Amino acid sequence: MKHTTQVELVLKLGHNNELSELNTVLTSAEASSVKEFVQGSCRTGDGPAVFRYVLVGLGWGEVDAKVEELRLGVVKRVVDEVIRNPGVPNKNAAKFLDSLFAELEQFSDSSISKLLEKCMDELEGQVKDKTELRWLPLLGRLLSVVEGRETFVPHGEEIGQSGVDYKENQVRDICNLAWDQDRVTSICSMFKEVKLSTDQQLEVYDKLCSSLVELPAHSIPPLVFQMLQLAKDSTILSQKLVNTVNEFFSSKLSLEDRQDKTNMDIESLDMISEDHSVEELQQAEGTVVFHLTQAAKMGHTVAKEIMKLVKAGSHAPELVLSPFSLFMALALTSVKQWKEQLLDSLRLAVIRSIMLEEKRMSNAWLRTNMLRTPDTGDLLSQVIGQSCKAGGWDLIGQGLVELGLALLDQNSLMKVDNKLKAVHNLGARLLLKVVKKQADSAPSVLDPLTSRILVSRQAPQYTEALRIIVKDTATILMEKPNVVSELVENLQRLSYPSARRTLSGLLPLVRFSRSLRDSIILVLRKALFSRSVHTRQVATTGVMLLLKTFKISTNRSVSQLSQSSGSLSQLAVDVHRGAATSNEALCTELLGVLKRCLGQQGEVRLTLYQGIMEVVTKNPELCEGVLELVYSHVLSLWGEEGARQRWQLDLDKLGREGEEGWVLEEPVGWFLNCVQMLVGKGQQVVGEECEVLDKLVGLVEEMAVKYSECEVGDLGFEDTDNFDKKTKDGERRSIQVEQLQGVFEALMEYMITHGGDQEEDKARTLLSLQKNHSALEQLVVTSLQRKKGKKGEKRDKNGDKKENKDGEKGDKTETADKRGRGKSISTFSPPPHCFSLKSLSLILSATLLDRQPANQAALSILRSDQNFSTFLVSTISSKLNQISSSLAASGDEGPQSDNLFRYLTTITSTLFEHTMVSQEQIDTVILQTTNCLLQILKLLLSHFPRRKLSIFSPMTNTNPGLATEENLNPVLVPVLKKVMKKLVEYTDKVDNEDEEEIPTKLATTVTIFSIVFNELDHSEGIEQVKEWIKRYIDKLEVEDPIVLKPIVTLLLQSVIKVKPSPSIGLEMAKGLHSLTGDLDTSVQVETTEKHPWLTNSTKDMVLPLLLEHLEGVFDSCDLAISWLKALSSTSTKSPTMASAESSLCLLLARQVNAASELVKTAFPLGQAMDGVLKLLVRLYTVVGSLTKHFTMRTRQGKSVVSQAKFDKLAMIINSQLTKHVYNLITWLESKQKERDQQAAAARAAKHKTVDPSVARAKVLRESRYIPNLILKIETLEKDLIKLGKRVGQNLCEGNKVSVSRDFRIKFSEEMMEKLREDEDDESDEDSNDSGDEDSRVVDIPPTNNSTVMSDVTNASLSPDEASQEPPSKVSKLSKLGRKKENQTQKTQKTQKS
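Fair warning: this is a prediction, and the values are worked out from it, not measured in the lab. (Residues numbered from 1 in each chain as written. Predicted model: local features only at pLDDT ≥ 70, side-chain atom pairs only at ≥ 80, totals over all residues. Heavy atoms only, no water.)

Chemist: For the overall build of the protein, give the residues involved together with the corresponding values.
Modeler: Within the protein one finds 60 helices and two strands. When the 1393 residues of the protein are sorted by exposure, 52% land in the buried category. Pairs at least 24 apart in sequence give 77% of the contacts found in the protein among residues at least 6 apart. For the protein, the accessible area works out to roughly 65000 Å², and carbon and sulfur atoms hold 49% of it. (Helix = DSSP H or I, 4+ residues; strand = E, 2+ residues; numbered from the N terminus. Buried < 20%, exposed > 50% of the residue type's maximum accessible area, 1.4 Å probe, protein only. Contact = heavy atoms within 4.5 Å. Areas by Shrake-Rupley, 256 points an atom, 1.4 Å probe, with all protein chains shown as cover.)

See below:
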């Protein structure tokens, strides 16, 4: 009751602001009573007010020791309640602390120190806190109060210290405590209110970072949030935070852990810490990323640190290509300010990752020292999956889409770039994953993709991305058909190849979406009546694609064509009405549309001829209808059945006379090829009672027989005919011959596919057709040669002068004719060689490999004719060139390219078996087939990089079951073994004079070996191949450059690929030094016999290869240096960084040794010496870049230079290279001077003068590399001096002071004599000017500046150098115009006299 009265009295006096009376009441009462009623009131609603009034009352007036003690006691009681009593509401606890904070400044040092001790004791105690450390703000406030006092005397001490020092000691004590996991976040929050010095911030942050990694997953996001606020204005702290959370999540969650763990077993669960389950960590990761993103939006410095990390990832991809880093970077793309920079850096990081992986595969040093980055596709899949499951999609969704589009937008200057294809494929796969995971994002993906397809008409990566997306998401997109409506409506705007790929890509969706099929049909109807030929081709292709897609499932074939106009109008109406149209009705209508194409332009017809066979293959029920379709066109070309000599085609029907010449309208060769293929298919699928089929078979067989029996003259052509395409008549005949050759080729294919390799009669017919084909070609060649010969005779009759004029005029006329007939260049010209790859594959296999007894009679006829085998292989080679050009534009189109790929691999297998394995080779075509094998391998590896296993598997009969696309070695090693055997066989015959083609065969085979070897990775089998190469090279004694060049290239390639520390460069440099001799002729160079093939006759060929090899090593060094710079710029802990630096210095030391040998070698002036100088410039550039890296690295520790042994590398360069470089420059100048003197003497003897432009070009050419080299040397010296000062070492020890660094104007003796003569004539008129100028020159002090441009005025010259300047003309060079004038006057006077 007593306490209640006291409380009421305190409240009354405090409320009335009667502080003097309140002070009297409190000081007159017993201290224990005051403490008790205040403590008791803490549990009531009036507690905060009572505490506030008591503190104000006790602080009123003068505070003596007794009152101070009472006040401290009251505060301790209240603080105890706040700390230990969970019954005190948090709201009241906050009010208690606010009241205390207001009065703390009045407390004595002793009281403050006692409160600090209490707080420290509570913080140090291990008792679990029941009130969630709500008292911790008191500790922060106490530290701030202490800091504000000039002198602070703690309790129990007599000597005080500054408040700042005492606070720092307390902060240090707090950091030294073992923080309980539950208290870390609260302690961090407390430090936000304390003013900390930079060192204290780092100390506190280090403690927080070390504590973060020990926290349970659910405690990490709150701590990160508090740490972000603590590091708001500090770049260093933000960097620490980013690195800490990045390393934490990257180490706790591996890629395997991040996969879907729904079926995780007991053992897998044990691998994850109890405090860090996968799901909890992923949730925590998403929340942390959210906090970081929100902080970035508010302008926090952490955004710059994340940006810095991502930018460094463009050179060191592993920095950003980890799940958390990628998640963080993609989330930050939601911030508009950073979006563009982040996406660009992420794109570069992905491209660098792909490039590095390719480099690692072919470079053992990179493979040893640079860690392999995870598969970017898997990383992106994981990030997408996690964001959908654990949150964060709203942050990264749009960023993922734009990253995928940015990867698709990447371009290259090269026509075929496999790295670029991998980038495009990754972009397409990324967009696919986005649509699959988030169906609602389909418009955000397909709308920009559609825009790119419509704008970039020649970029196949966009249509390929469309194909990939639609193929796997057709069931998703069928509910959103409008997303592709814009693309369908604008098909007519696309080029033919783009429209074809677009339609092909949309086919899976057409099957599911009736509305899309409706739209496409209407668009194709319009396209059929377009004025543009390309648009009509699009319509034709679209119709055939629909025919392939909607297969007829009935057994009844479509034999009656629709009588409609081919406009698809009725079908479109039916679709609009919702009528149930069967596939049979649709296909019948579509087939009727194709009939219209037979009356279109040649391009449209060709599109039909080349695609209709595939339609029949996919939809066999259409075969009879298609046969009737083509038969109607056969009648228009060959006439009705029974006509006389119907087999002989009237070639005038194939075209017409146009304004600019004869225009081809009917590509009859391809039509006949189409007919014979349909006939073959019809014989398989159509019943025996098909009259049209019988008629077509009869016609084709009659044509084959008749055309094989006739002569060239019987076909309407004579030896005297004109085939010059510059004339209208010649152009007509030339086109007709080309089409007739196409007819022969189509008939040859018919013979090939109908027993030409099995029946003797058909084999003879096939051979006769080929001979007539070649006769036609020879007829044209002979005619053109005869015409050229006549022109030559006519030209010989004229004089030389007129001949030149007429020749020039003729060339101009021809050029003008070509320009004037520019339209004729775009006229229709079908591709040559009317063969299908299937037929070529069949006859090639039969001719080269078939050994079945039943077929040998027919095959022996074919093999006996050398021209046939040569024709066959050359046709395949030409066909491959056509395919390569087509693939360069379209690329691998997935299923659409399957047939093409299958026949290409079959041909490859046949050629490989014949050239490398077969013991019964056709000797006359071995060289051709070997070249063709090389050609087709390059084509396949360039355009089908994701099908390598299918390329190489047919070449070996071993079981490739262990091989995968990622590990091809089980297939490649057997292939390489076969090629190596053939290499050895050819090498043994290389000196055989009877076989002239052996060197070329050997060189081509070595190139094939190199291509296959390049695909090996560093897994099992590569050491075995390495040993084969070593044994082969060791026994090699060949000097023929045709053979040796590819072999040495293979050797250098294998060394780089297999040896981490290659020394072959030094060995070859020593050999060249020994063979060529030293700059100092008195020095005897040690003879080396390391490589028997390196001789005097081969050294000139070997040097460029060695220089190219060393350039490749420097490329790797540049790559490594940029990687190291990126790692060091982010303060990221990399376990391989130190070892990579040491290994890099060792690698460069080997190259310095090789370069020192080349520098001392007396190579002849010209290309060889220019190559050496260029290499030296590159070497000093690379070492300079490494020096700058170590200059930056010394911030992390001065010992890095000595640990990496860079100081020893610098010493080697100074002592063994640089001084010899200056000797080389001096030697070069003397040689050039000697050569110039000899040339001047020769000119003087012949009374000739030098053309000024020629002289100027010569000077520029000879002075191109030396100034650059000197600049690089001196720049390196400066960088070494700077680095040496930082680490306390003399890194320029043993270096020679730079000399040959002046640019000197050299005068010939003639010029010197003329200038002396001119001096006498001008001495009077220029005396005053020369005196003034000379004084100005003399006033210029000599300079010792080490820059390359120093001493330009040559103010201080050596005697030798001074002799090159004209006497007394140092300053008169500006008056050369006047001298020329005087010289001209002298010449005129001499002529007059």
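Anyway, onward from the coordinates.
Chemist: Summarise the pairing of strand 2 (residues 661-664); cite the residues concerned and give the values.
Modeler: Pairing analysis gives four bridges linking strand 1 (residues 655-658) to strand 2, with the strands arranged antiparallel. Within strand 2, the residue paired with Arg-656 across the bridge is Val-663. (Pairing = 2+ DSSP bridges.)

Chemist: Can you break down a positive patch on the surface residue by residue, with the values?
Modeler: Together, Lys-308, Lys-1125, Lys-1188, Arg-1195, Lys-1282 and Arg-1286 line one region of the surface with positive charge. Topologically, Lys-1125 is positioned in helix 50 (residues 1099-1129). Taking the relative accessible area as the measure of exposure, Lys-1125 reaches 33% and is therefore partly exposed. (Patch = residues over 30% accessible without salt bridge, like charges linked within 9 Å, V, L, I, M, F, W, Y side chains within 5 Å. Salt bridge = Lys/Arg side-chain N within 4 Å of Asp/Glu carboxyl O. Lys, Arg positive; Asp, Glu negative; His and termini not counted. Charge placed at Lys NZ, Arg CZ, Asp CG, Glu CD.)

Chemist: Describe helix 8 (residues 136-147), naming the residues involved and giving the relevant values.
Modeler: Its 12 residues give helix 8 an end-to-end C-alpha distance of 17 Å, which sits within 8% of 16 Å, the value for a rise of 1.5 Å per residue. Here helix 8 has its buried residues at Leu-136, Leu-138, Leu-139, Gly-140, Leu-142, Leu-143, Val-145 and Val-146. (Expected span 1.5 Å × (residues − 1).)

Chemist: Can you tell me about the state of the cysteines, naming the residues and giving the values?
Modeler: Applying the stated criterion to the full structure yields zero disulfides. With no disulfide of its own, Cys-209 has Cys-188 as its nearest cysteine by sulfur position, at a separation of 9.4 Å. The exposure class assigned to Cys-209 is buried, which follows from its relative accessible area of 9%. (Disulfide = S-S within 2.5 Å.)

Chemist: Mind laying out the pattern of salt bridges, listing which residues take part and the relevant values?
Modeler: Throughout the structure, instances matching the rule amount to 41 salt bridges. Of the charged contacts, one joins Arg-947 and Asp-898 as a salt bridge, the two residues approaching to 3.1 Å between their closest N and O atoms. With Arg-947 in the loop between helix 43 (926-943) and helix 44 (948-952) and Asp-898 in helix 42 (residues 898-917), this pair connects stretches of sequence that are 49 residues apart.

Chemist: Provide a residue-level description of the environment of Glu-464, including the pertinent values.
Modeler: Mapped onto the fold, Glu-464 is located in helix 24 (residues 460-477). We classify Glu-464 as buried; its relative accessible area is 16%. Here the alpha-carbon distance between Glu-464 and Ser-504, two residues 40 residues apart in the chain, equals 9.7 Å. Filtering out sequence-adjacent residues up to four positions away, Glu-464 remains in contact with Asp-892 and Glu-893.

Chemist: A description of the environment of Leu-104 should follow, citing residues and the corresponding values.
Modeler: Along the polypeptide, Leu-104 turns up in the loop between helix 6 (90-103) and helix 7 (109-124). Between the C-alpha atoms of Leu-104 and Leu-138, which are 34 residues apart in sequence, the distance is 9.9 Å. Beyond its immediate chain neighbours, meaning those up to four positions away, Leu-104 contacts Ile-112, Leu-115, Leu-138, Arg-141, Leu-142, Val-145 and Arg-149.

Chemist: Just give me the short version of the packing of aromatic side chains, but keep the residues and values in it.
Modeler: The relative placement of two aromatic rings is captured by the distance of their centres and the angle of their planes. One pass over the full model with this rule turns up 13 aromatic pairs. Judged by centre distance (5.0 Å) and plane angle (75°), the rings of Phe-248 and Phe-249 are edge-to-face. According to the relative accessible area criterion, Phe-249 is buried, its value standing at 0%. Seen from their ring centres, Phe-717 and Phe-723 are 6.2 Å apart, and the 40° between their planes marks the pair as tilted. This pair shows no difference in class: Phe-717 is buried, exactly as Phe-723 is. Linked through ring pairs, Phe-248, Phe-249 and Phe-324 together constitute an aromatic cluster. The ring of Phe-550 carries Arg-517 above its face, with NZ or CZ at 5.2 Å from the centroid. (Phe/Tyr/Trp six-rings, centres within 6.5 Å; stacked < 30°, edge-to-face > 60°. Lys NZ or Arg CZ within 6 Å of the ring centre and 35° of its normal.)

Chemist: Account for the confidence of the model for the protein, with residues named and values stated.
Modeler: Confidence in the prediction for the protein averages 82 pLDDT; 83% of positions are at 70 or higher. Segment residues 261-275: pLDDT under 50, and 10 contacts once partners within four positions in sequence are set aside and those in other chains are kept. Counted against residues more than four places away or in other chains, residues 1300-1307, with its pLDDT under 50, gives 33 contacts. (pLDDT = per-residue confidence, 0-100.)

Chemist: Give me the lowdown on the side chain of Ser-1054, citing residues and values where you can.
Modeler: Along the chain, the position of Ser-1054 falls in helix 48 (residues 1041-1058). For Ser-1054, a relative accessible area of 8% translates into the label buried. Each residue touching Ser-1054, except ones within four places of it in the same chain, is listed here: Phe-1013, Ile-1029 and Lys-1059.

Chemist: Give a detailed account of the nonpolar core, specifying residues and quantitative values.
Modeler: Side chains of a nonpolar character, in soluble globular proteins, are inclined to be buried together. In terms of nonpolar packing, the biggest core is built from 421 residues, with Phe-191, Tyr-707 and Leu-1158 touching the most fellow members. Sorting elements by how many residues they give to this core places helix 50 first, with 17 residues. Those residues in contact with Tyr-707 that sit more than four places away from it in its chain are Trp-647, Gln-648, Leu-649, Leu-715, Leu-740, Val-743, Phe-744, Leu-747, Leu-769 and Asn-772. (Core = buried A, V, L, I, M, F, W, Y, C linked by side-chain atoms within 4.5 Å.)

Chemist: Would you mind going over unusual backbone geometry in detail, with residue names and values included?
Modeler: With a phi close to 65°, His-833 is a non-glycine residue in the positive phi region. On the secondary structure map, His-833 appears in the loop between helix 38 (822-825) and helix 39 (837-849). With a relative accessible area of 18%, His-833 lands in the buried category. Positive phi values are uncommon outside glycine, yet Lys-1205 reaches one of about 65°. You can see Lys-1205 is positioned in the loop between helix 53 (1200-1203) and helix 54 (1206-1246). The exposure class assigned to Lys-1205 is partly exposed, which follows from its relative accessible area of 46%.

Chemist: So what about the packing of helix 26 (residues 496-512) against helix 27 (residues 514-528)? Which residues, and what values?
Modeler: Two numbers describe how helix 26 lies on helix 27: the axes approach to 7 Å, and their chain directions differ by 135°. Classified by the angle between their axes, helix 26 and helix 27 sit oblique to one another. Contacts between helix 26 and helix 27 involve Leu-503, Leu-506, Leu-509, Val-510 and Phe-512 from the former and Arg-514, Leu-516, Arg-517 and Ile-520 from the latter. Within the contact of helix 26 with helix 27, the residues separate by chemical class into seven nonpolar, no polar and two charged. (Axes fitted to C-alpha atoms, helices over the stretch in contact; angles between N-to-C directions. Parallel < 35°, antiparallel > 145°, perpendicular 65-115°, else oblique. Nonpolar A, V, L, I, M, F, W, Y, C, P; charged D, E, K, R; others polar.)

Chemist: Which residues make up the packing of helix 18 (residues 336-362) against helix 22 (residues 418-437), and what are the values?
Modeler: Interaxial distance between helix 18 and helix 22 falls to 10 Å at its minimum, and their mutual angle equals 135°. With respect to helix 22, the axis of helix 18 lies oblique. Where helix 18 crosses over helix 22, the two elements pack in a sense that is right-handed. On helix 22, the residues that touch Val-350, Ile-351, Ile-354, Met-355 and Glu-358 of helix 18 are Lys-419, Ala-422, Val-423 and Leu-426. When grouped by side-chain class, the residues that make up the contact of helix 18 with helix 22 number seven nonpolar, no polar and two charged. (Left-handed = near helix turned anticlockwise from the far one by under 90°.)

Chemist: So what's going on with the side chain of Asp-1078? Which residues, and what values?
Modeler: Take Asp-1078: it is sitting in the loop between helix 49 (1064-1076) and helix 50. Although Asp-1078 is buried, it forms no salt bridge, and the closest oppositely charged side chain is Lys-1160 at an N-O distance of 5.8 Å. At 2.8 Å, the side chain of Asp-1078 and the side chain of His-1073 are in polar contact. Engagement of the side chain of Asp-1078 in a polar contact is seen with the backbone nitrogen of Asp-1080, the distance being 2.9 Å. Once residues lying within four places of it in the same chain are set aside, the contact partners of Asp-1078 are His-1073, Val-1083, Val-1085, Lys-1160 and Ala-1162. (Polar contact = N/O pair within 3.5 Å; in protein donor to acceptor, adjacent residues only side chain to side chain.)

Chemist: Explain helix 54 residue by residue, including any values.
Modeler: The terminal C-alpha atoms of helix 54, which comprises 41 residues, lie 57 Å apart, in line with the 60 Å expected from a rise of 1.5 Å per residue. The largest bend in helix 54 is about 35°, located at Asn-1214. (Bend = angle between axes of the 7 residues up to and from the residue.)

Chemist: Quick rundown of a negative patch on the surface? Include the residues and the values.
Modeler: Together, Asp-991, Glu-993, Asp-994, Glu-996 and Glu-997 line one region of the surface with negative charge. Judged by its relative accessible area of 71%, Glu-996 falls in the exposed class.

Chemist: So, the environment of Pro-508: which residues are in play, and what are the values?
Modeler: You can see Pro-508 is positioned in helix 26. Judged by its relative accessible area of 18%, Pro-508 is buried. Between the alpha carbons of Pro-508 and Lys-471 there is a distance of 5.9 Å; along the sequence they are 37 residues apart. The contact partners of Pro-508, leaving out residues within four places of it in the chain, are Val-470, Lys-471 and Ala-474.

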